[in-house]
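Observations on the three-dimensional arrangement
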Number of protein chains: 2
Amino acid sequence: MGSRELKLRDIFYPESIAIIGASSDDLKEKSGWTGTLLNFGYKGRLYPVNPKATTILGLKAYPSLKEIEGQVDYAILNLATTLVPKALEDCAAKDVKVVHIFTSGFAEVGNEGKRLQEEIRSIIERTGIRTIGPNCMGVHSPGGGVSFANLPREEGPAALISQTGAGAARTILYGNGRGIHFGKAISYGNAVDLDSPDFLEMLADDSKTRYIALYIEGVKDGRRLLSATQKCLKNGKMVVILKAGLTEAGREAATSHTGALAGSEQGWGAFFAQTGAIRVRTLEEIVDQLVALQCMSRPGGRRVGIIGRGGGPGVIATEICERLNLKVPPFSGTVRSQLEKITTASGGSMVRNPVEVGVGRIGAQQGYIEAFKILALSQEVDLILTHLNPEAFILYGGAPEWLNESIGVLCQVFKTLSIPVALVLPSGETPESREIVQQAWAQCSKTGLAVFRSYESAATAISNLVTCYEWRTEEDH
Amino acid sequence: MGSRELKLRDIFYPESIAIIGASSDDLKEKSGWTGTLLNFGYKGRLYPVNPKATTILGLKAYPSLKEIEGQVDYAILNLATTLVPKALEDCAAKDVKVVHIFTSGFAEVGNEGKRLQEEIRSIIERTGIRTIGPNCMGVHSPGGGVSFANLPREEGPAALISQTGAGAARTILYGNGRGIHFGKAISYGNAVDLDSPDFLEMLADDSKTRYIALYIEGVKDGRRLLSATQKCLKNGKMVVILKAGLTEAGREAATSHTGALAGSEQGWGAFFAQTGAIRVRTLEEIVDQLVALQCMSRPGGRRVGIIGRGGGPGVIATEICERLNLKVPPFSGTVRSQLEKITTASGGSMVRNPVEVGVGRIGAQQGYIEAFKILALSQEVDLILTHLNPEAFILYGGAPEWLNESIGVLCQVFKTLSIPVALVLPSGETPESREIVQQAWAQCSKTGLAVFRSYESAATAISNLVTCYEWRTEEDH
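Residues numbered from 1 in each chain as written. Chains lettered and ligands numbered in written order. Predicted model: local features only at pLDDT ≥ 70, side-chain atom pairs only at ≥ 80, totals over all residues.

Quick look at the overall build of chain A now. Counting secondary structure elements, chain A contains 18 helices and 19 strands. Judged by the C-alpha coordinates and their principal axes, chain A covers about 80 × 50 × 40 Å. Relative to its full complement of 477 residues, chain A shows a buried share of 60%. Put simply, of all contacts in chain A between residues at least 6 apart along the chain, 74% involve residues at least 24 apart. (Helix = DSSP H or I, 4+ residues; strand = E, 2+ residues; numbered from the N terminus. Buried ≥ 20, exposed ≤ 12 C-beta atoms within 10 Å, placed from the backbone. Contact = placed C-beta atoms within 7 Å.)

Given below as structure tokens:
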């Protein structure tokens, strides 16, 4: 029997969910799958299965899957490892569309686990049942009312396909604070059946998804991943991939985590070269990259104009940009003399690129904004990277509200400029600055201004962004 | 006339300070030098100089430097650029020990500024007067009651020698939140006279200083910097250097910032190879490195044991360690079976290295701590890197106090282990987790547990730490 073809809605919008192995103890199940789904606001039919209970958290409990009267779209297996094969057979008999095997202890733990995983694989092959996992958290889909934890409900254009569940939760939360909302996410663990190409193919045609991030330890069919990635990119979606397990120890760790065969650096290098997908190294870089993709328009090239407070920080920013394959060209005399009108070089400022603007008492914000306008009109840079030092606003006799004022005018003006803008705003280091930085970050995220915690994270994401657009242009020719 | 030899106390513990160019407007001077020093708690004699005032902020004002009756140890020049040469002559005549030229607009701004800086240099050469700057913030010395801003008062074993003032302030503040307290810091700008080797030589003999960080754009006498660095290291002090201005655009930016001649990558590469000083790339890395130096004992080698929550994060941590020249060796069967007793591999955990420990309701902290003891006694790793996912404690039905409990037991136990420990604890992403992470960081800093925001920052600092100790051992042979 062949594998049944799945649709996006079977996974992300199931109309009914059975929880096989729900606890008969309501207090325990409150933080179990039934409680988590109820708390997340699942609106479909929810069937907790436990032979020892008649109700669970106020819902009718079923002694077994087959006693459930209607269709079950999605089943979650929360059972001891050895009970999984039988339960999977039951799901096949009941014609469940997708089974999420939450249970761990398969290929990732060694020989006995491998044998059990093989048993599962043969059931899948024989029956055609489709499964997510084992050893994973499953689906997060605010639109479908489904999640594996008390995660944010915002439904945005980002999607996440991940072999780590803890990492997926963290990425969703971290993204949420940065204005990146994952409308669809999946933690798929050992991927005995459904694998990254399956999810990627579904998302390639999803009109709600614009950015797709993947955390991959291993993939069974590399060619299919390649063509699925190419399909996404062809459909105008941006793909960001963290490929883990390419150092020797990393490979062993990946095997120990999801039983994955991680592949080689050479093979994956070729994959990235052929697809134009963006390669990142950490979960935080995934979010940084999505911020750049979502908030910044397409830069015309690699030339960065740097505007900020602090001379040394400007020098450091310049070097980081250059090391990450961006350019910080010196301005022409024309631009310099325009800048000299709004900032005072003899007052410790710089006009050569980087530009250092003061934060004087009156008109500081005006001078700051004027610098943006001059650079945007200069045709000498392709984007502006600006940095603000939260403490400078407090330390040198300034008022804390200055930072929020600067952010306020920046948020008003950046969309009117002809080139993209990104802000570096490190977290505050005093109770006072922490508070205002928090507010400033929230304001930027709300307005859609790309904001980063460090020069490295900003320059890495921007450099990747330029490369990604360059690659697309070449492909078009 | 030769340059007068300066002592550490002339710069960091001046008994009298004249402020040449104090404002006659009390409201303005409150955030000027007089107000800043009064606010910081300077206990010596303070002489504001302004011909238009009789008192400034309650202090007697002097019409000129020469009217001051007693000795002036330290003078701050806060004047228009063109008035600086004459003021410097006055300081020489009054036999001021050190002059801090706060004023900007010299070599960093172009030809006219360069001419003025040359004029200053010739006054220095002729009179032997010693100067800090121009174009800089000067001294921060809590023990001497001196600072250039409302910075922390803690007097710790760290020192900072910096060509950026804004960067120095940020580093001092950032360090403060991480348990790194700068007992002495100096922002020295264009370095027309006193340069990094001068400050380094003074600090080499300072018993209160154990760690010295430098931000250098250029240095006039490279050989002297080399021997001063070697002297520090010989005296048991650790030296961390951020050398800025080594890319083409960075070099130009440095010239525009402090008029520095930045040197070549090759020359500086040789400098680091010869001295064994630790090289870092950003201000944040300076603080990370000082945290590793101050909090971690000497690791016996590069083998890292990783313990934490989350499988994917463990894989990512492994790869980052390996990329940064650390090793994450798989554990022997003996260690694995010891670990299996405290964690359940079939419950989604890993025991191979990285180790994934669960955060169950009861005894989670005990299992977590047991893993540390097993690894410390194993002789299979030289240090432990542990990571906690702040949201895991909240998301998966856990209580927020779990994180603080885990941190609490960790803070109790890490000092009793035979190998060093470092913790990666990213900032929280929900209002709830932000609060508890803030508390956890404070507790770690207070207890002296090395804590980092990311795997990269931890692994970079630890890898540098090992290299630095390896270098020392080689030198000893």
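Alright, that's what it looks like, and here's the rest.
Here we take up the domain arrangement of chain A. Domains assigned within chain A are domain 1 (8-132), domain 2 (138-295) and domain 3 (304-476). Centre-to-centre, using C-alpha coordinates, domain 1 of chain A lies 51 Å away from domain 3 of chain A. (Domains from an automatic or database assignment.)

It is worth spelling out the interface of chain B and chain A at this point. Counting residues at the interface gives 65 residues for chain B and 65 residues for chain A. Those elements that place two or more of their residues in the side of chain B that touches chain A are helix 6 (165-177), helix 9 (248-258), helix 11 (283-295), helix 12 (311-323) and helix 15 (392-395) of chain B. Element by element, the count of residues in the side of chain B that touches chain A is highest for helix 12 of chain B, at ten residues. For the side of chain B that touches chain A, the per-class residue count stands at 24 nonpolar, 30 polar and eleven charged. (Nonpolar A, V, L, I, M, F, W, Y, C, P; charged D, E, K, R; others polar.)

The next thing to look at is unusual backbone geometry. In terms of backbone geometry, most residues other than glycine have negative phi values and most peptide bonds are trans. All names here are of chain A. Following G133, the chain continues into P134 via a peptide bond in cis, with omega recorded as 0°. With respect to the helices and strands, P134 occurs in the loop between strand 7 (130-132) and strand 8 (138-140). The phi dihedral of N353 is positive, around 90°, even though this residue is not glycine. Positive phi outside glycine occurs at Q379, with the angle close to 60°. Within the fold, Q379 resides in the loop between helix 14 (364-378) and strand 17 (383-387). What makes Q379 partly exposed here is the crowd of 13 C-beta atoms within 10 Å.

All right, on to the packing of helix 6 (residues 165-177) of chain A against helix 11 (residues 283-295) of chain A then. All names here are of chain A. Taken N-terminus to C-terminus, the directions of helix 6 and helix 11 make an angle of 35°; their axes are 10 Å apart at the nearest point. In this structure, helix 6 crosses over helix 11, and the sense of that crossing is right-handed. In this structure, helix 6 contributes G167, R170, T171, Y174 and G175 to the contact, and helix 11 contributes L283, E284, I286, V287 and L290. For the contact of helix 6 with helix 11, the per-class residue count stands at five nonpolar, three polar and two charged. (Axes fitted to C-alpha atoms, helices over the stretch in contact; angles between N-to-C directions. Left-handed = near helix turned anticlockwise from the far one by under 90°.)

With that out of the way, let us pick up the sheet that holds strand 14 (residues 304-308) of chain A. The strands that make up a sheet pair up through hydrogen bonds in the backbone, lying either parallel or antiparallel. Residue and element names in this part refer to chain A. Across the sheet, which stays open at both edges, the six strands sit in the order 15-16-14-17-18-19 with mixed pairing between neighbours. Here the strands that pair on one side only, and so sit at the sheet edges, are strand 15 (350-351) and strand 19 (450-452). Both strand 15 and strand 16 (residues 355-356) contribute to a ladder of two bridges, which runs antiparallel. Across the sheet, residue M350 finds its bridge partner in strand 16, namely E356. With respect to the sheet, helix 12 (residues 311-323) is in contact with strand 14, strand 15, strand 16 and strand 17, its orientation differing from that of strand 14 by roughly 160°. (Pairing = 2+ DSSP bridges.)

Here we take up the relation of the copies chain B and chain A. It takes a turn of 180° to lay chain B on chain A, together with a shift of 0.0 Å along the axis; the resulting RMSD is 0.0 Å. Both chain copies can therefore be described as sitting about a two-fold axis. No C-alpha of chain B lies nearer the rotation axis than that of S427(B), which sits 4.9 Å from it. With an isologous cut-off of 70% or more, the 100% of interface residues of chain B that recur at the interface of chain A puts this contact in the isologous class. (Least-squares fit on C-alpha atoms with pLDDT ≥ 70 in both.)

Take the sheet that holds strand 6 (residues 98-101) of chain A next. All names here are of chain A. Taking strand neighbours across the sheet as the criterion, the five strands line up as 2-1-5-6-7 in an open arrangement whose pairing is parallel. Only two strands of the sheet have a single neighbouring strand rather than two, namely strand 2 (45-49) and strand 7. With strand direction ignored, the average angle separating the axes of adjacent strands in the sheet is 20°. When strand 6 meets strand 7, the two strands line up parallel, connected through three bridges. If you follow V98 over to strand 7, its bridge partner there is R130.

This part covers the environment of F102(B). Among the secondary structure elements, F102(B) is positioned in the loop between strand 6 (98-101) and helix 5 (111-127). Setting aside anything within four residues of it in sequence, one finds F102(B) in contact with I76(B), L77(B), N78(B), G133(B), C136(B) and G138(B).

This paragraph deals with the pairing of strand 12 (residues 238-243) of chain A. All names here are of chain A. The buried count for strand 12 comes to six of six residues, which makes it a mostly enclosed element. Burial of the side chains of strand 12 extends over both faces: M238, V240 and L242 are buried on one face and V239, I241 and K243 on the other. Note: strand 11 (residues 211-216) against strand 12, six bridges, orientation parallel. Of the residues in strand 12, the one forming a bridge with I216 is K243. Handedness of the crossover joining strand 11 and strand 12 through helix 8 (residues 222-234): right-handed. Sheet topology note: the strand 12/strand 13 (residues 278-280) ladder contains three bridges and is parallel. Paired with I241 across the strands is R279, a residue of strand 13. (Right-handed = clockwise from strand over helix to strand, strands pointing away.)

The subject of this paragraph is helix 5 (residues 111-127) of chain A. All names here are of chain A. Across its 17 residues, helix 5 extends 24 Å between first and last C-alpha, which sits within 8% of the 24 Å expected from 1.5 Å per residue. Within helix 5, the full set of buried residues consists of G113, L116, Q117, I120, I123 and I124. Around the axis of helix 5, the buried residues are gathered within 115° of arc, so they sit on the same side. Of the residues in helix 5, the exposed ones pointing more than 90 degrees away from the buried face are N111, R115, S122 and R126. On its buried face, helix 5 sits against helix 4 (84-94) and strand 7. Positive backbone phi, approximately 80°, marks G128, located one or two places after helix 5. (Expected span 1.5 Å × (residues − 1). Arc of directions from axis to C-beta.)

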